[in-house]
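# Survey of secondary and tertiary structure
So the chains spell out like this:
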Amino acid sequence: MKTERILVWDLPTRLFHWLLAGTFAAAWLTADSERWIDVHVMLGYTFAGLIAFRLVWGFVGTRYARFSSFVSGPGAVMRYFKSILTLQPEHHVGHNPAGGWAVLALLGLGAVTALSGYATYDDYGGHWLEELHEGAASAMLALVFVHIGAVLISSFIHRENLARAMVTGLKHGIASEAIRRPRWIAAGALVVAVVGFWSGAFQ
Ligand code: HEM
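Here the residue numbers are simple positions, counted from 1 along each chain's written sequence. Predicted model: local features are reported for residues with pLDDT of at least 70 only, side-chain atom pairs are reported and counted for 80 or more only, and whole-chain, interface and lining totals are derived from all residues. Side-chain figures throughout are based on the complete set of non-hydrogen atoms in the structure, without hydrogens or water.

## A few points about the coordination of the iron atom of the ligand
- Sodium, potassium and calcium take a 3.2 Å donor cutoff, other metals 2.8 Å, and in both cases only N, O and S atoms count; water is not among them, so sites may look incomplete. For the iron atom of the ligand, the protein coordination sphere consists of His17 (NE2) and His147 (NE2), at 2.0 Å.
- Geometry is assigned from the angles between donors: four donors with all angles from 85 to 135 degrees make a tetrahedral site, four or six donors whose opposite pairs exceed 155 degrees while the rest stay between 65 and 115 make square planar or octahedral sites respectively, and everything else is labelled irregular. Taken together, the 6 donor atoms coordinating the iron atom of the ligand and their angles of 86 to 178° define a geometry best described as octahedral. Taken together, the residues span a long stretch of sequence, with His17 in helix H1 (residues 11-29) and His147 in helix H6 (residues 127-157) at a distance of 130 residues.
- Buried residues are those whose accessible area, probed at 1.4 Å on protein chains only, stays under 20% of the maximum for their type, while exposed residues exceed 50% and partly exposed ones sit between those limits. Residue classification places His147 among the partly exposed positions, given a relative accessible area of 28%. Numbering of helices and strands starts at the N terminus; helices are DSSP runs of H or I of at least 4 residues and strands are runs of E of at least 2.

## Details of a nonpolar patch on the surface
- Residues Tyr45, Tyr118, Tyr121, Tyr124 and Phe197 make up a contiguous nonpolar surface patch of roughly 530 Å² in combined accessible area.
- Turning to its location among the elements, Tyr118 is positioned in helix H5 (residues 97-121).
- Exposure remark for Tyr118: the relative accessible area of 33% places this residue in the partly exposed category. By definition, no residue in a patch forms a salt bridge, and every one has over 30% relative accessible area; like charges are joined within 9 Å, nonpolar side chains (Val, Leu, Ile, Met, Phe, Trp, Tyr) within 5 Å. Where accessible areas are quoted, they stem from the Shrake-Rupley method and a 1.4 Å probe; at the residue level, only the protein chains shown are allowed to cover. Salt bridge criterion: a side-chain nitrogen from Lys or Arg within 4 Å of a carboxyl oxygen from Asp or Glu.

## A word on the site of the ligand
- Nearness is judged by heavy atoms alone; a residue qualifies as near a molecule or strand once a single heavy atom is within 4 Å of it. In the vicinity of the ligand, 21 residues are found, and the nearest of them are His17, Arg54, His95, His147 and Leu162.
- Here His95 contributes a side-chain N or O atom positioned 2.6 Å from an oxygen atom of the ligand.
- Any pair of nitrogen or oxygen atoms within 3.5 Å is treated as a polar contact; in protein, a donor-acceptor pairing is required on top of that, and neighbouring residues in sequence qualify only through side-chain atoms on both sides. In this structure, a nitrogen atom belonging to the ligand sits 2.7 Å away from a side-chain N or O atom of His147.
- More than half of the atoms belonging to the ligand lie within 2 Å of the grid points that define the largest pocket.
- Those elements that provide at least two residues to the shell around the ligand are H1, H5, H6 and helix H7 (162-168).
- Ranked by residue count, the leading element in the shell around the ligand is H1, at 7 residues.
- All residues other than Ala, Val, Leu, Ile, Met, Phe, Trp, Tyr, Cys, Pro, Asp, Glu, Lys and Arg, Gly among them, are scored as polar; the first ten of these are nonpolar and the last four charged. In the shell around the ligand, the residues fall into 15 nonpolar, 4 polar and 2 charged. Of the two site types, the cavity is a set of points on a 1 Å grid over the protein atoms alone where a 1.4 Å probe fits but cannot get out, and the pocket is an open set with protein on both sides within 12 Å along at least five of seven lines, each lined by residues with an atom within 4 Å of a point. Any molecule with more than half of its atoms within 2 Å of a cavity's or pocket's grid points is counted as sitting in it.

This is the structure in structure tokens:
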């Protein structure tokens, strides 16, 4: 079957991804300084808002952004790893079965990090919440490194630059597998919400 470059990741998913990566990196860099605490908290709220957005988009977004398209059982994950070990890697247009679970883990850990950060900042509980916040953030950082490693390895195995695909939205596939619209309006609403929140936070 003839393959070409088709639209797989809608614009809101791509924007979400790079905003999440950027806010996580910036929040990490501002975490240990009293001077930057307001910026850290503002980034934490943005991060939490992005995760909330992605949870909703996982139900109403385009085909490959939906949880139903990439959350699969352990059998599918095992088959995927086996296909790699036997040098006949299964190709998935969206997230592969292992990647699907990594997405859920990143979102779940991200939610724990953001909620425990909020509870610590608002003095909801004891020292354990702060410990939880730091532990979850460190686990998230470790997972991000695994994630980046996995992206590099899959890009090599599948001979496709997956990081670039997260920027352009385009991957190899057959025309009938493409999503139809990039979803500009939802992407615009996401940008307005983030920029609006930031400009309000700095007033
Ligand atoms: C240079 C850094 C990074 C690169 C190159 C990168 C690349 C990618 C790529 C290529 C995918 C799609 C994987 C696939 O094809 O199945 C992806 C998905 C994802 N990445 Fe990253 N990533 C980076 C950093 C991060 C960071 C720092 C986070 C979290 C804080 C993150 C969280 C996610 C999530 C949640 C998804 C799922 C996207 C979705 O379906 O909404 N990534 N990333």
